[in-house]
Each structure stands twice: as C-alpha cells, then as structure tokens.
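Here's the letter readout for the chains.
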Amino acid sequence: ETGVTQSPTHLIKTRGQQVTLRCSSQSGHNTVSWYQQALGQGPQFIFQYYREEENGRGNFPPRFSGLQFPNYSSELNVNALELDDSALYLCASSPTGTRSYNEQFFGPGTRLTVL
Amino acid sequence: EDKVVQSPLSLVVHEGDTVTLNCSYEVTNFRSLLWYKQEKKAPTFLFMLTSSGIEKKSGRLSSILDKKELFSILNITATQTGDSAVYLCAAPNTGNQFYFGTGTSLTVIP
C-alpha cells in the first residue's frame, strides 16, 4: 500500500509569486486535507476535498485554493505569496465520506520559504 | 472560537520516567479527539478517542477522553529516547474541520 506523497520537498519563492503544491493520497482514500504548519505551531486546517469538491475550509484567504482530481490526488495553490506563508504544508488523506470519519494519514510535507 | 490547548508546551524527562500530556478542547459539534506524534515532518497517528472514559492502549502509551470536562490525556510510561518528539492533539468537528493544538515537545534524556 502506497502512503501519502507530496512534491516538491522544498521550495523557495519570492513575495508576490504563485506556488502549486501537490499531493498523492494513499491508495483507496478519497478525501484529502491540507494544513499549514508554521514553525513551533500545530497544523492549521486550510481545506478538505472529498470526491473532487471542497468539503470544509479553515480561516484562510481566497488566495489559497485547491483542486482534487478524479484519481483523488490534490493540489494546493497559493497566489500572491506573503512572507508569513513560509511554513510546512502538510497533506493528509483518509478513507472517509462526508458523514463518517477515520484517522488521517499525513504526507511528509512541503517546506515553503518565501523571501 | 473553537480551539485546542495543550500543556505543557515542553517537557524534559529522564529515561524511565512516566509523563502525562494534557489536551483540552472547545470545539462546536465535536466529533473525536486524536493524538499524533511528530518527529520530523509527517505527524503519525497514535489514537482516536470518541467515547468518554474508555482507555486506549498501545504498548507504553495510553490515552483517555473526558467529554464532560472536555479534555484528554496521553500517558507514556517507562519513557525512552525514541519517545522524544512533538505530541499533537486534534479535535475535528462534524464539518470535517480539524483543530490542532500547538503540541507538547517531549525530550527524553538518556
């Protein structure tokens, strides 16, 4: 069984640029969640996708957007990057529907640095 | 405002000690309480608790949930250096929104 994978591992961008982060969910999982984890903080929920539709969103501005594809892989897009966007971005997948819940399995994360 | 608060923020113990990590939550439409261990990057799942008063155990780790007082504890007995990590608790609501605490950083000294 393949675990959750994310790419790239590290990324350096400058303010104002745009970035796309990618996540492949664990086999058989149809739900993907994205988190932002700043240094020394717990993960902050960005949004969740279930069967290609957004299924919950945290307190992040619209410049954070996402997609889920028919194979359940997902992208996180961030426009107009700001210095405070520097963080570890974690993706987690789970074999859940909209009315049930299971534990999430996290990928290794993408470390984004905005200069 | 929904939130999860963990204490202590950090802890340094010697091998063989027993530690108790605390997690309190205020989450509307609370669904469950989860504990994760984060060593470098990806948090790894430890426990999911949905019912009050039922202890979950895995080796030297155990956890319990109190839904009346809105808290959970994670116990680690006979600590080892490999237990050094950040321990996160999270409380999802029925809207699939996850609230994580800041974590407790545990350092086990040989």
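So, here's what we can say about the structure.

How each quantity is defined
Residue numbering note: each chain is counted from 1, following its sequence as written. Here the convention is simple: chains get letters from A, ligands get numbers from 1, in the order in which they are written. The predicted origin of the model limits local features to residues at a pLDDT of at least 70 and limits the giving and counting of side-chain atom pairs to 80 or more, whereas totals for whole chains, interfaces and linings rest on all residues. Water and hydrogen atoms play no part in the side-chain values, which are based on all heavy atoms of the structure. Nonpolar cores are built from buried Ala, Val, Leu, Ile, Met, Phe, Trp, Tyr and Cys residues. Side-chain atoms within 4.5 Å join them into one set. With a 1.4 Å probe rolled over the protein chains alone, any residue whose accessible area is under 20% of its type maximum counts as buried; one over 50% counts as exposed, and the rest are partly exposed. Helix numbering and strand numbering both begin at the N terminus, where a helix is a DSSP run of H or I of at least 4 residues and a strand a DSSP run of E of at least 2. Two residues form a contact once any of their heavy atoms are found within 4.5 Å. By definition, the buried area sums, over both parts, the 1.4 Å-probe accessible area that each loses when the two are put together. By convention in these notes, a salt bridge is any Lys or Arg side-chain nitrogen within 4 Å of a carboxyl oxygen on Asp or Glu. Gly falls in the polar group here, along with every residue not listed as nonpolar (Ala, Val, Leu, Ile, Met, Phe, Trp, Tyr, Cys, Pro) or charged (Asp, Glu, Lys, Arg). Strands are treated as partners if at least two bridges between them are detected by DSSP. Only the stretch in contact is used when fitting a helix axis, every axis being a line fitted to C-alpha atoms; angles between N-to-C directions are given from 0 to 180 degrees. Ring pairs are drawn from Phe, Tyr and Trp, using the six-membered ring of Trp, whenever the two centres fall within 6.5 Å, and their geometry is named by plane angle: stacked under 30 degrees, edge-to-face over 60, tilted for the rest.

## Details of the nonpolar core
Phase 1: Counting residues in each nonpolar core, the largest one holds 23 residues, and the members touching the most others are B:Val4, B:Tyr25, B:Leu33 and B:Trp35.
Phase 2: When contributions to this core are tallied by element, the ones reaching two or more residues are strand 3 (19–26), strand 4 (33–38), strand 5 (44–49), strand 7 (61–66), strand 8 (71–76), strand 9 (85–92) and strand 11 (104–109) of chain B.
Phase 3: Ranked by size, the runner-up nonpolar core spans 20 residues in total, among them A:Cys23, A:Trp34, A:Ala87 and A:Val114.

## Some details on the interface of chain B and chain A
Phase 1: Taken together, the 19 residues of chain B in the interface contact 26 residues of chain A.
Phase 2: Surface buried jointly by chain B and chain A totals about 1800 Å² across both partners, of which 56% is contributed by carbon and sulfur atoms.
Phase 3: In terms of surface lost to chain A, no three residues of chain B exceed B:Lys41, B:Asn96 and B:Phe98, which account for 34% of the buried area on that side.
Phase 4: On inspection of chain B and its partner chain A, the count reaches 0 salt bridges.
Phase 5: Put simply, the parts of the chain that give the side of chain B that touches chain A at least two residues each are strand 4, strand 5, strand 9 and strand 10 (98–100) of chain B.
Phase 6: Within the side of chain B that touches chain A, the residues separate by chemical class into 10 nonpolar, 7 polar and 2 charged.

## Here we look at the sheet that holds strand 6 (residues 56–58) of chain B
Residues and elements named next belong to chain B.
Phase 1: Strand order in this open sheet of 5 strands is 1-3-8-7-6, and the pairing throughout is antiparallel. Looking along the sheet, the strands with just one partner apiece sit at the ends: strand 1 (3–7) and strand 6. The sheet shows a mean angle of 15° between the axes of neighbouring strands, taken without regard to direction.

## Some points on the pairing of strand 9 of chain B
Consecutive side chains along a regular strand alternate between the two faces of the sheet.
All names here are of chain B.
Phase 1: In terms of residue burial, strand 9 counts as a mostly covered element, since 7 of its 8 residues are buried.
Phase 2: In the sheet, strand 4 pairs with strand 9 via 5 bridges, with the strands oriented antiparallel. Residue pairing for strand 9: Leu34 is matched across the bridge by Ala90.
Phase 3: Note: strand 9 against strand 11, 3 bridges, orientation antiparallel.

## Side note on the pattern of salt bridges
Phase 1: Scanning all chains against the criterion turns up 6 salt bridges over all chains.
Phase 2: Between A:Glu54 and A:Arg57 there is a salt bridge, and its shortest N-O distance comes to 3.3 Å.
Phase 3: When its relative accessible area of 27% is taken as the criterion, A:Arg57 is described as partly exposed.
Phase 4: With a closest N to O distance of 4.0 Å, B:Lys37 and B:Glu39 form a salt bridge.
Phase 5: Given a relative accessible area of 53%, B:Glu39 falls into the exposed group.
Phase 6: Sharing partners across several salt bridges, the network here consists of A:Arg63, A:Glu82 and A:Asp85.

## Remarks on the environment of A:Ser27
Phase 1: You can see A:Ser27 is positioned in the loop between strand 3 (19–24) and strand 4 (31–37).
Phase 2: Distance in space between the C-alpha atoms of A:Ser27 and A:Leu76 is 19 Å, their sequence separation being 49 residues.

## Focus on the packing of aromatic side chains
To describe a pair of aromatic rings, one takes the distance between the centres and the angle between the planes.
Phase 1: If you walk through the whole model with that rule in mind, you get 11 aromatic pairs over all chains.
Phase 2: Aromatic pair B:Tyr36 and B:Phe45: ring centres 6.1 Å apart, planes at 75°, arrangement edge-to-face.
Phase 3: The class of B:Tyr36 is buried, set by a relative accessible area of 0%.
Phase 4: What links up through ring pairs into an aromatic cluster is the set A:Tyr35, A:Phe45, A:Phe106, B:Tyr36, B:Phe45, B:Phe98 and B:Phe100.

## Focus: the environment of A:Arg15
Residue and element names in this part refer to chain A.
Phase 1: Mapped onto the fold, Arg15 is located in the loop between strand 2 (10–13) and strand 3.
Phase 2: Overall, the relative accessible area of 59% leaves Arg15 in the exposed class.
Phase 3: The spacing of Arg15 and Leu83 is 68 residues in sequence and 6.4 Å in space, taken between C-alpha atoms.
Phase 4: Residues contacting Arg15, with those up to four places away along its chain left out, are Leu81, Glu82, Leu83, Val114 and Leu115.

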